[in-house]
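# Observations on the model geometry
These are the residues of each chain, in order.
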Amino acid sequence: MTTIGNNLQGVRVRIATACAQAGRDVRSVALLAVSKTFDAGAVREAHAAGQAAFGENYLQEAVEKINALRDLPLTWHCIGPIQSNKSRLVAEHFDWAHTVASLRLAQRLSDQRPTGRLPLQICLQVNIDGGANKSGIAPDDVLALALQVARLPRLHLRGLMTIPEPQPDFASELAVHRRSRALFDAVTDAGKGEEGMARFDTLSMGMTADLEAAVQAGSTMVRVGSAIFGGRAPARQPG
Ligand SMILES: *Cc1c(COP(=O)(O)O)cnc(C)c1O
């Protein structure tokens, strides 16, 4: 097996172990492979090892990869910032967007989603720990935005996404992830019977460093990059 294949297997074992410890069904946690900065060949290797869902941050880079890999049955998740003048790239090329934090952006994505494609699957990004320079809406504003986004015609509201600040230990990771899960549960409850809220089923949280705590706290989708593809060069400019 290739290195990427071996790494993927290792991440699957980590997820399965965390699920067993949490008393959760392993099928309740989806793995999103974050392929930002890695080329189409790396994505092909991951696909050959059984991975179909990929996350990307940088839109230009992502669109090139998506176009180069049209022969494979992959789903693409936008997990990077979306400037409003780039929303069309997301609406036309991706299956999911995890970083929606305003009605204005959601409206643009809905308007721009091609009618020939399935609705764009949406997670609202929540600034769960008040991180100063982080995007995402405040927890108190999530329900109101969710109910509005859920009604947009070319979107399916699927859930919430969080990126907490790195924590010093497992207990602190768990505490912040539990706040995300509690918010997710509260929005799920409050949304019962509301238009467009029936598909609200996804809590996107946990990365290479903290996936065990995220699974323990109730994540349904972990976004893992470096444990699968290796270390990355320093961050590029968004775009
Ligand atoms: C890069 C990135 C990830 C993956 O991070 P790793 O630490 O490499 O697993 C997950 N989510 C978001 C939003 C990212 O930008």
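Summary of the structure given here. In this text, all values refer to a predicted model and were calculated from it rather than measured experimentally.

### Overview of the overall build of the protein chain
For the protein chain, the helix and strand inventory stands at nine helices and eight strands. For a compact globule of 239 residues, the expected C-alpha radius of gyration is about 18 Å, and the protein chain comes in at 17 Å, within 12% of that figure. Here the C-alpha coordinates of the protein chain stretch approximately 45 × 40 × 35 Å along the principal axes. Approximately 10700 Å² of the protein chain is accessible, and the part contributed by carbon and sulfur atoms is 52%.

### Quick look at the environment of Gly-10
Along the chain, Gly-10 turns up in helix 1 (residues 3–22). Considered as a pair, Gly-10 and Arg-223 are 213 residues apart in the sequence and their alpha carbons are 14 Å apart.

### Describing the packing of aromatic side chains
Tallied over the full model, the rule gives three aromatic pairs. Measuring from centroid to centroid gives 5.5 Å for Phe-38 and Phe-229, while their planes differ by 25°, and the two rings are stacked. In this pair, Phe-38 is assigned in the loop between strand 1 (30–34) and helix 2 (40–48) and Phe-229 in helix 9 (residues 226–229), connecting sequence segments 191 residues apart. We note that Phe-38, like Phe-229, is buried.

### Quick notes on the environment of Asp-71
Tracing the sequence through the fold places Asp-71 in the loop between helix 3 (59–68) and strand 3 (75–78). Spatially, the C-alpha atom of Asp-71 lies 32 Å from that of Ala-101, the residues being 30 residues apart in sequence. Polar side-chain contacts of Asp-71 include one of 3.0 Å to the side chain of Arg-44.

### Things to note about the site of the ligand
Around the ligand there are 13 residues in total, and Lys-36, Asn-57, Thr-208, Ser-226 and Arg-232 lie nearest to it. Separating an oxygen atom of the ligand from a side-chain N or O atom of Thr-208 is a distance of 2.5 Å. Arg-223 has a polar side-chain atom sitting 2.9 Å from a nitrogen atom of the ligand. Considered on its own, the ligand offers 390 Å² of accessible surface; in the complex 90% of this is hidden by protein.

### Digging into the pattern of salt bridges
Any two side chains of opposite charge can pair, so long as their charged atoms come close to each other. A complete count under the given rule lists 11 salt bridges for this structure. We note a salt bridge from Arg-14 to Glu-212, for which the minimum N-O separation is 2.8 Å. Residue Arg-14 is located in helix 1, and its partner Glu-212 is located in helix 8 (residues 211–217); the two are separated by 198 residues in the primary sequence. According to the relative accessible area criterion, Arg-14 is partly exposed, its value standing at 25%. Residue Asp-95 pairs with Arg-117 through a salt bridge whose shortest N-O separation is 3.0 Å. Taken together, the residues Asp-95 in the loop between helix 4 (87–93) and strand 4 (96–100) and Arg-117 in the loop between helix 5 (103–112) and strand 5 (120–126) connect sequence positions 22 residues apart. Judged by its relative accessible area of 17%, Asp-95 falls in the buried class. You can call Arg-117 partly exposed: its relative accessible area is 27%. Among the charged side chains, a salt-bridge network with shared partners connects Glu-56, Glu-61 and Lys-65.

Thresholds, definitions, all that
Residues numbered from 1 in each chain as written. Predicted model: local features only at pLDDT ≥ 70, side-chain atom pairs only at ≥ 80, totals over all residues. Heavy atoms only, no water. Helix = DSSP H or I, 4+ residues; strand = E, 2+ residues; numbered from the N terminus. Rg over C-alpha atoms; globule rule 2.2 N^0.38 Å. Areas by Shrake-Rupley, 256 points an atom, 1.4 Å probe, with all protein chains shown as cover. Phe/Tyr/Trp six-rings, centres within 6.5 Å; stacked < 30°, edge-to-face > 60°. Buried < 20%, exposed > 50% of the residue type's maximum accessible area, 1.4 Å probe, protein only. Polar contact = N/O pair within 3.5 Å; in protein donor to acceptor, adjacent residues only side chain to side chain. Near = heavy atom within 4 Å. Salt bridge = Lys/Arg side-chain N within 4 Å of Asp/Glu carboxyl O.

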